[in-house]
Amino acid sequence: MDNDINTSTSAAEPPIWFLFGLSGAGKSYVGDLISRHTGWPVYHADADLTDDMRQALAEARPFTDAMRDVYFARLPALIRQHQQTGLPLIVTQGAYKQRHRDYLRRHLPQLSFVWVDAPQSLILQRLARRRQGIGPDSAAALFRDFEPPLDGSCYVHNDGEDAHVLAQCGRCISGLNDRLTAASQVI
C-alpha cells in the first residue's frame, strides 16, 4: 500500500480533522454540522470510493482488504485536492482499520482523528432508514470489522443533539470553540 506519495508539509498548513467510525454513527452529520458553524469545507470521502467498492455496495457485499488498500493509497491525494488555503478541512470516512488510519497519518502529518460513535441501537435505526449502501443485514459484520483506535483519537458520542455534539467536538478540534463563539456573537 505504501508508495512514493509526497509527505512533505509545512507548519503553516491548516489542520485536517478526519471523522471516522462505523456506518450510521453520523460522521457526515457531524462533519456537516461543524461546517455549518465554522465555514470550514467538508469532504465526504465516500464520494470517491473506487468502482470495485461501489459495486460491492450495490451487491451488498463487504469490502475486501484489497479494495480498502487501493482506496486508502489514493486518499491522501484526494484529501489534498479538497484543501483550501488557510482553512481547516473536515473529512468524513469510515476508516475501519487502524493500519489505514496509520497510513493516512504518515502521509498527512497535519491530520487529526476524531472517532464518531453512537449507541448500536441508534446506528441500526439510522442504517434501516437508508435507501442505499450499508443495510442493517450487514451491520453485524461491520461491527466485527471495525477496529477502535489504539491512539488518543478524540471521541465524539453522536446522540443527534447538535449542541451536545458541537460541545464534544470543541474539546478536541482546535479553533472550533473560537469559531462557534464568534458565530454566536453575530446572531
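Relevant structure appears above.
Presented here is a report on the structure given in the accompanying data block.

Definitions and cut-offs
Residues numbered from 1 in each chain as written. Predicted model: local features only at pLDDT ≥ 70, side-chain atom pairs only at ≥ 80, totals over all residues. Heavy atoms only, no water. Helix = DSSP H or I, 4+ residues; strand = E, 2+ residues; numbered from the N terminus. Expected span 1.5 Å × (residues − 1). Buried < 20%, exposed > 50% of the residue type's maximum accessible area, 1.4 Å probe, protein only. Pairing = 2+ DSSP bridges. Contact = heavy atoms within 4.5 Å. Lys, Arg positive; Asp, Glu negative; His and termini not counted. Salt bridge = Lys/Arg side-chain N within 4 Å of Asp/Glu carboxyl O.

1. Concerning helix α1 (residues 27-38)
Spanning 12 residues, α1 covers 16 Å between terminal C-alpha atoms, matching the ideal 16 Å at 1.5 Å per step. Among the residues of α1, those classed as buried are Lys27, Val30, Gly31, Leu33, Ile34, Ser35 and Thr38. Positive backbone phi, approximately 85°, marks Gly39, located one or two places after α1.

2. Thoughts on the pairing of strand β3 (residues 89-92)
Every second residue of β3 is oriented toward a common face, with Leu89 and Val91 on one face and Ile90 and Thr92 on the other, all of them buried. Across three bridges, strand β2 (residues 42-44) lies against β3 in parallel orientation. Each bridged residue has a counterpart across the sheet, and for Val42 the counterpart in β3 is Ile90.

3. Remarks on the side chain of Asn158
Of note, Asn158 is situated in the loop between β5 (154-157) and α7 (162-172). With sequence-adjacent residues up to four places away left out, Asn158 is seen in contact with Ala25, Gly26, Tyr29, Val30, Val116, Asp117, Ala118, Leu122, Arg126 and Val165.

4. Quick word on the side chain of Asp117
Note that Asp117 resides in strand β4 (residues 111-117). Buried within the structure, Asp117 lacks any salt-bridge partner; its nearest side chain of opposite charge belongs to Arg126, at an N-O separation of 8.0 Å. In this structure, Asp117 is in contact with Ala25, Ile123, Tyr155, Val156, His157 and Asn158, ignoring residues within four places of it in sequence.

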